Every structure is written in C-alpha cells, then in structure tokens.
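# Survey of secondary and tertiary structure
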Amino acid sequence: MAALAAIACNTISQLWELAKIFAKSGDLKNILLVQRRNHTISNYLRNTGLDSSNFTINCYLNAHTTEFCEDNASMTNADVVYRCPIVLEPRDGLSLRVLGEILPTCERFSINLVMSTPGRDIALHINPRLPQNYIVRNSCVGGVWGNEERTSALPFSLHRGSNFIIQVLFTTNCYLISVNGRHVASFNHRLPYNKVKCLEVKGDVHDVQSDQAYAENYPEIVKNSKRLQNIRHLEDEEDPEVAFTDNKIHVPFFGRMHTSFRSGQVLHIRARLKLLPHSFYINLQVGDKIWPHPLIHYHFNPRFANTGGRHIICQNSWMVGDWGREERSECPMEFVPGKIFNLRIQPTFNSYNVYLDGGLISEYFFREEEAKIAAFHPDTVYIQGDIQLLGVYVQNSYEEYPTEEY
C-alpha cells in the first residue's frame, strides 16, 4: 500500500509539472492535441517530436482516453468517427476547433461536448442538418434531450464534399459557435461547462481533427473568409433611393466604414422584414469581434410579438464593461412583415436619431458614464436577425447639427 501511495503521489506531482509545461510552452499554445481518425495519440506525439515514452504525458493522456475517449480503432458506436479529450482547463476563452470533410452523401453530423458524469451527459450538441440548411443546438441529461435551438446560418456554408471548420468558444455565460469563420449562434449553459471532458464527432464526415487553445478574440479569421465587408460611402449628391439595388446581403452582416461614424454623417439601411419576425438588431460598434465584447455605441433592436402583445424597440449601449439601462418604446406599425423598409441613422453631438421611411421613430441620448470613452467612435456596423438585408450605405448628412464632439 505504501508503494502504491508513493506512486500515486509521484504521478500527481508529474501531472502538475505537465500542466505548467502546457501553460508555458509556445509550441503547444495554438495546437495542443490533434488526433486523426485511426491515429493513436502516441503516433501524434511521436510525429510532432514529443517524447511519447515520457511517463507523465502517457499517464495524463491515457487516464483521459481510457475513461472518456477510447482509441478510434476500438470504438463500438459506428456513428462515432472521432473522440478527443479536453486537455485544457474549460474556462472563459477556451477555443475548440473541429476540422474535417463532409461526405458526398451527408445528411447530418454532430459535434458533442461530453461531460465527466456517469451517464456521459452532453453539455453541447451541435447538429448541422444539410437538407434543411439549419443547425440545431441542444443538451442531453440522463439520456433525455432538452429543448432544441435552431439557426439557419446564412450563407449556409456547410456543403457535401467540402471542408469545414467549426469553432466553439467557452465563455462564462454561453458557448459561441462559428462556422468557417462566421459566428452563427450562441448557446447558454445548461450544465457546468467546467466538467466537459471530451469532444466527440458523429455522422457523415471524415478526416476529422481538432485543436484546443485559449483564444484572444472570436471568431477566428479563416482564410478566404469574406465576413467583413466595406460599406460604400455615397457622394453628397447621390440619391440613396437610386443607389439601393435590392441585392440580397447575407445576415449576419459585418460592415466596415471608411471613417469612424460621427456627427455629420448618416447611415442608410434598406431591408425587408421576414414574414414571421421575432427581432433584429443593428449595432454601431468599435471593431468586428464578438468576443471579447466590443464597445457598442448604439444598439437598435426592434422586437415583434408573434403571439400577441406589444411590438417594442429596445435601445442600449455597451460602453463600461456591461449593458447600460435598456430604453424601450413602442414599435411603429410601419414595420410590416414581408415589406421593404428604409432606415436612416444619424448621429448628433449627443444622440442617435433613427428615421423609418422618412419619419423620426426614436432618439437615443448618450449617457454621462459613456463620456469617458466616447472618443472611440464606432467604425463597424453589425446587423443580425429576421430581415433580408438589401443595402447599407454611409453618406454625409444633409441636415446641419452642431459640430461639438461628444
């Protein structure tokens, strides 16, 4: 017994040293573990130059793969094509990427974050369904699935016979999910995310691999991604009604302005409200990242009650590390499902004014606590929700406002 106790103490000590090595190592910062189908962890360690005979590494990985992530060659579930242990501490900022190729006959596949519970509960289930062009999120506790959440990611970039990159970012409130460099959904935690121990992939995909790292921002930029677009600046004499060509623009939309947005300019947005809208929003923000949370000077968010009740407009800002006090007002009846509308957002030295089809519908005044960082003018427009976007332009304002800086 004494010998066993000594071995156990030595193992714990070695695991602690391994953890410190993992934390400090620059070589392991971006990709800490990659395990392809039918490739063992030992092969990976050997191929990447790590000493796979090292007792500490083998002990650490084997302890996890034995309990949660059996070697792919010995999997008993035919649907499982890939399993990999989570070797980093699940905490705010942990990024998991899953890369692979979708089979030509694919109907659906799934990515599961499996917990260390006796029933191997699933904290997050990501289930792209190609025939329907949407992505399901869910959780499973004791073999019982919860309520599904669905998103139709547009453009839907998961296609048969093509490669994919799906990123999952852990935050304190939710998981953030991106597909091929484009954020598509969030999923609020239903189970403790710090107990996630294994990543599992099932379904009609192959050549799957993954990596783990602590991210500095999200979503990760993917090569050849056109997520961020440049917003055209109209000449003063151009008529916005003529400039709009009613070409559909994919939502969510990230648009970069040529210069920061301030008094003396106007933002034109043309869109069509979907037939069964829930809500949409427009953010005037600094930068195009979703995490860490950007400074949002103005959040304009119409919400529609599909089953009765009031339609409202919510306005807010994220300026001092959190949302401020939400301001609510009645949503005008001019927002009609299926109808095209034109919005005009104009900043003054102390407010944002919003016009719908030429009529003023809301005015949002800057708050005293925001004055300290108001010098960071918004340079990005982020649009998301139940609309078909047809055009976004910036133009010098034809209305005169005081030029005092806010």
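Taken together, 7 strands build an open sheet; the order of strands is β13-β15-β24-β17-β18-β19-β20 and the sheet is mixed. If you trace the sheet from one side to the other, it starts and ends with β13 (228-230) and β20 (327-330), each paired once. Shown here is a sheet whose adjacent strand axes are inclined to one another by a mean of 20°, direction ignored. The sheet contact formed by strand β15 (residues 253-256) and strand β24 (residues 380-385) spans 4 bridges and is antiparallel. Within the sheet, the bridge partner assigned to F254 lies in β24 and is Y382.

On inspection of all chains with the given rule, the structure shows 14 salt bridges. As a salt-bridge pair, R97 and D211 come within 2.7 Å of each other at their nearest N and O atoms. Of this pair, R97 sits in strand β2 (residues 94-102) while D211 sits in strand β12 (residues 205-214), and the two are 114 residues apart along the sequence. Here R97 falls in the buried class, since its relative accessible area comes to 16%. Between E327 and R325 there is a salt bridge; the shortest N-O distance is 3.9 Å. In this structure E327 comes out as partly exposed when scored by relative accessible area, which is 23%.

Read across the open sheet, the 5 strands follow the order β10-β9-β8-β2-β12; overall the sheet is antiparallel. Strands at the two margins of the open sheet, each flanked by one partner only, are β10 (182-188) and β12. The sheet shows a mean angle of 20° between the axes of neighbouring strands, taken without regard to direction. Across 5 bridges, strand β8 (residues 163-170) lies against strand β9 (residues 174-179) in antiparallel orientation. Among the inter-strand pairings, Q167 is bridged to a residue of β9, identified as S178.

Take the side chain of H183 next. Its place among the elements puts H183 in strand β10. Judged by relative accessible area, H183 falls into the buried class, the value being 10%. Among the polar contacts listed, one links the side chain of H183 to the backbone oxygen of I177, at a separation of 3.4 Å. A polar contact of 2.8 Å, which involves the side chain of H183, links it to the side chain of Y218. The residues contacting H183, other than those within four sequence positions of it, are L176, I177, S178, Y218, P219, P252, I290 and Y382.

What follows concerns the confidence of the model for the chain. Taken over all residues, the pLDDT of the chain has a mean of 79, while the share at 70 or more is 73%. Considering only residues more than four positions removed or in separate chains, one finds that residues 400-406, a stretch of pLDDT under 50, has 22 contacts.

Moving on: the pairing of β2. On a regular strand, one side chain projects to one face of the sheet and the next to the other, so that they alternate. For β2, the tally of buried residues reaches 8 of 9 residues, placing the bulk of the element in the interior. Pairing of β2 with β12, which is carried by 8 bridges, proceeds in the antiparallel orientation. Paired with I102 across the bridge in β12 is V205. Judged from the 7 bridges that link them, β2 and β8 form a sheet pairing that is antiparallel. Its bridge partner being in β8, E101 is matched across the sheet by N163.

Right, let's get into the environment of Y175. Tracing the backbone through its elements, the reader meets Y175 in strand β9. For the pair Y175 and H189, spaced 14 residues apart in sequence, the C-alpha to C-alpha distance is 7.1 Å. Beyond its immediate chain neighbours, meaning those up to four positions away, Y175 contacts L113, A123, L124, V168, L169, F170, A185, S186, F187, H189, Y193 and V196.

Let us look at unusual backbone geometry. Note that the residue after Y218, namely P219, is joined by a cis bond; omega there is 0°. Structurally, the position occupied by P219 is in the loop between β12 and β13. The phi torsion at R120 lies on the positive side, around 50°, for a residue other than glycine. Here R120 shows up in the loop between β3 (109-115) and β4 (122-129). A positive phi angle, close to 50°, is found at N180, a residue other than glycine. Structurally, N180 can be placed in the loop between β9 and β10.

Thresholds, definitions, all that
- Residues numbered from 1 in each chain as written.
- Predicted model: local features only at pLDDT ≥ 70, side-chain atom pairs only at ≥ 80, totals over all residues.
- Heavy atoms only, no water.
- Pairing = 2+ DSSP bridges.
- Helix = DSSP H or I, 4+ residues; strand = E, 2+ residues; numbered from the N terminus.
- Axes fitted to C-alpha atoms, helices over the stretch in contact; angles between N-to-C directions.
- Salt bridge = Lys/Arg side-chain N within 4 Å of Asp/Glu carboxyl O.
- Buried < 20%, exposed > 50% of the residue type's maximum accessible area, 1.4 Å probe, protein only.
- Polar contact = N/O pair within 3.5 Å; in protein donor to acceptor, adjacent residues only side chain to side chain.
- Contact = heavy atoms within 4.5 Å.
- pLDDT = per-residue confidence, 0-100.

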